[in-house]
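Coordinate analysis (summary)
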Amino acid sequence: MRDVSPLREAVPPDGTMGEPGARGRFGEYGGRYAPESLVEACREVGEAFREAWADPGFRNALARLLAVHAGRPTPLTPALRMSDELGVRLYLKREDLTHTGSHKINNVLGQALLATRMGRRRLIAETGAGQHGVATATAAALLGLEATVFMGERDIERQALNVFRMRMLGAEVIPVTSGSRTLKDATSEAMRAWVGATGDSHYCIGSVVGPDPYPWMVREFQRVIGEEARAQCAAELRTGVPDHVVACVGGGSNAAGTFAGFADTAARLVGVEAEGGAGAARGRLGVLHGCRSLFLQDGDGQIIQAHSIAPGLDYPGVGPEHAHLRDLGRARYVTVTDDEAVAAAVRLARTEGIVPALESAHALAWVIRAAGDGDLPAGSTVLMTLSGRGDKDVSALKELL
């Protein structure tokens, strides 16, 4: 394995989330730590993405799919009763209303179109909560591609509904039995599978992690969240921009996409991690899955197992751009416990008639806590990305409530 990028490269110093350095660095984070067999494949993906992203035909094709298939734009919903209870003005960016039920479809449709453009016939993906796997299987079916999804055995047990959906859509779901049997290990196995299939397969990574160009590419495909929300807030709010922009963070794709729409404003950016998977809040510099970022590690520098009741947050690190935003002070990263997330999910269901994914419930739990302890001043405006719906978590919630 080698890294083909220098230690530091120039990126926008103000945290406005432009392009990374020429070889994929966000400050000291990112890069391309890849086996020799994947260096060329990553380079090809990067070149193909840069060319496609500059092509109005590609952008228009993606925009059309996002509109007619995924259901964009998603609404900005004022949470009226909860706002009254909390003393803040809370708005929800409703990614739970996209086709397949989460923000994952934004990125996957983009990567699936890119794979087709590159002549690839199969998508390889990892999944934790199952939403990325469902989105991958959906895009593959739509575009006539094959799909192979790696999923930890533990997550297969927790997310049986999504496993069935993937298989119904025609995807092959491969259980991962190594390590913690969760998202970290599924990602490792997906990358290993790609090593032997770069000629006909595209690795459709689900978050802003992995070797360059993936952190940047996935953020750009998710930027639609922030750009839509920015325009919606301009129309809805007297100030035009909310005081706080909040999103849950595992690897961090929905947060990166949301933050990208507001990084050049005065809005305070808050990423909310699981207490047991707090890479940005408690991680140390390390390398995993092809990039240099912040990861949970033991005293010997070995990656340690993460834990979260939300499978999509069960990851021991954070995307490199989030690590960079933390260092710049442009974004703040906080943690929430399992119990707080469950309580927040119930509260949203009973005040607004919305059952959120447990991942999204972490973001809401911080808003509830911060409003209660004054961290969010009374009268503040808060935009929160509701990254997914809670259908997939009903079985888990049923056992707890």
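Below: a short report on this structure. These numbers come from a predicted model, not from an experiment. (Residues numbered from 1 in each chain as written. Predicted model: local features only at pLDDT ≥ 70, side-chain atom pairs only at ≥ 80, totals over all residues. Heavy atoms only, no water.)

1. Considerations on the pattern of salt bridges
As a reminder, the rule being used: Definition used for salt bridges: Asp or Glu carboxyl oxygen within 4 Å of a side-chain nitrogen of Lys or Arg. Secondary structure follows DSSP: runs of H or I at least 4 residues long count as helices, runs of E at least 2 residues long count as strands, and numbering of each begins at the N terminus. Each residue is assigned to one of three classes by its accessible area relative to the maximum for its type, calculated with a 1.4 Å probe on protein chains only: buried under 20%, partly exposed between the two thresholds, exposed over 50%.
Throughout the structure, instances matching the rule amount to 30 salt bridges. The residue Glu-19 makes a salt bridge to Arg-50 at a minimum N-O spacing of 2.8 Å. On the criterion of sequence distance, the pair formed by Glu-19 in the loop between strand S1 (2–3) and strand S2 (25–26) and Arg-50 in helix H1 (residues 36–53) is long-range, its members being 31 residues apart. Here Arg-50 falls in the partly exposed class, since its relative accessible area comes to 41%. The residue Arg-282 makes a salt bridge to Glu-275 at a minimum N-O spacing of 3.0 Å. Look at Glu-275 and you get partly exposed, because its relative accessible area is 35%. One network of salt bridges, in which partners are shared, links Arg-72, Lys-93, Glu-95 and Glu-228.

2. Re the pairing of strand S12 (residues 268–274)
Note the cut-off: In this description, strands pair whenever DSSP reports at least two bridges between them.
Counting buried residues along S12, six of its seven residues qualify, which places the element largely inside the surrounding structure. Inspection of the sheet shows strand S11 (residues 244–248) paired to S12 by five bridges, in the parallel sense. Bridge assignment links Val-246 to a residue of S12, and that residue is Val-270.

3. What to know about the side chain of Lys-184
What counts here: Pairs of N or O atoms within 3.5 Å make up the polar contacts considered here, provided that, within protein, one atom can donate a hydrogen while the other can accept it, and that residues adjacent in sequence are counted only when both atoms are side-chain atoms. Contacts were defined at the residue level, with two residues in contact if any of their heavy atoms lie within 4.5 Å.
Positionally, Lys-184 belongs in helix H8 (residues 183–195). A distance of 3.3 Å separates the side chain of Lys-184 from the side chain of Asp-185, its partner in a polar contact. Not counting the four nearest positions on each side in its chain, Lys-184 is found in contact with Leu-288, His-289, Ile-303, Tyr-315 and Pro-316.

4. Details of the packing of helix H5 (residues 131–143) against helix H7 (residues 160–168)
So the rule is basically this: Geometry is summarised by axes, namely lines fitted to C-alpha atoms with helices restricted to the contacting stretch, and by angles between N-to-C directions that run from 0 to 180 degrees. Angles below 35 degrees are treated as roughly parallel, those above 145 as roughly antiparallel, those between 65 and 115 as roughly perpendicular, and all remaining angles as oblique. Handedness of a crossing follows from how the near helix is turned relative to the far one, being left-handed for an anticlockwise turn of less than a right angle and right-handed for a clockwise one. In this count, Pro and Cys sit with the nonpolar residues alongside Ala, Val, Leu, Ile, Met, Phe, Trp and Tyr, while Asp, Glu, Lys and Arg are called charged and the others, Gly among them, polar.
Where H5 meets H7, the closest approach of the two axes is 9 Å, and the angle between their N-to-C directions is 15°. Overall, the two elements H5 and H7 adopt an arrangement that is roughly parallel. Considering the relative orientation of H5 and H7, their crossing is left-handed. Here Gln-131, Gly-133, Val-134 and Ala-137 of H5 come into contact with H7, specifically with Asn-162, Arg-165 and Met-166. When the residues that make up the contact of H5 with H7 are grouped by side-chain class, the tally is three nonpolar, three polar and one charged.

5. Overview of the sheet that holds strand S8 (residues 146–152)
Overall, parallel pairing links the four strands, which are arranged S9-S8-S7-S10 in an open sheet. Two strands bound the open sheet, and with one partner strand each, they are strand S9 (172–176) and strand S10 (201–203). With direction set aside, neighbouring strand axes in the sheet form an average angle of 20°. Across the sheet, H8 touches strand S7 (122–127), S8, S9 and S10, and the angle it forms with S7 is around 160°.

6. Things to note about unusual backbone geometry
Following Arg-72, the chain continues into Pro-73 via a peptide bond in cis, with omega recorded as 5°. On the secondary structure map, Pro-73 appears in the loop between helix H2 (56–68) and strand S5 (76–78). The amide bond that connects Asp-212 to the next residue, Pro-213, takes the cis arrangement and shows omega of 20°. Along the polypeptide, Pro-213 turns up in the loop between S10 and helix H9 (214–236). Here the phi dihedral of Arg-181 falls at roughly 60°; this positive angle occurs in a residue that is not glycine. Here Arg-181 is to be found in the loop between S9 and H8. Even without glycine at this site, His-289 takes up a positive phi of about 50°. The exposure class of His-289 is buried, given its relative accessible area of 8%.

7. A short note on H1
For an α-helix the count is 3.6 residues per turn, leaving residues at separations of three or four pointing the same way. As a reminder of what qualifies: Between the first and last residue of a helix there are one fewer steps than residues, each counted as 1.5 Å, and that sum is the expected span.
A rise of 1.5 Å per residue sets the reference length of H1, with its 18 residues, at 26 Å; its end C-alpha atoms lie 26 Å apart and thus fit the reference within 8%. For H1, every residue scored as buried is listed here: Leu-38, Val-39, Ala-41, Cys-42, Val-45, Gly-46, Ala-48, Phe-49, Ala-52 and Trp-53.

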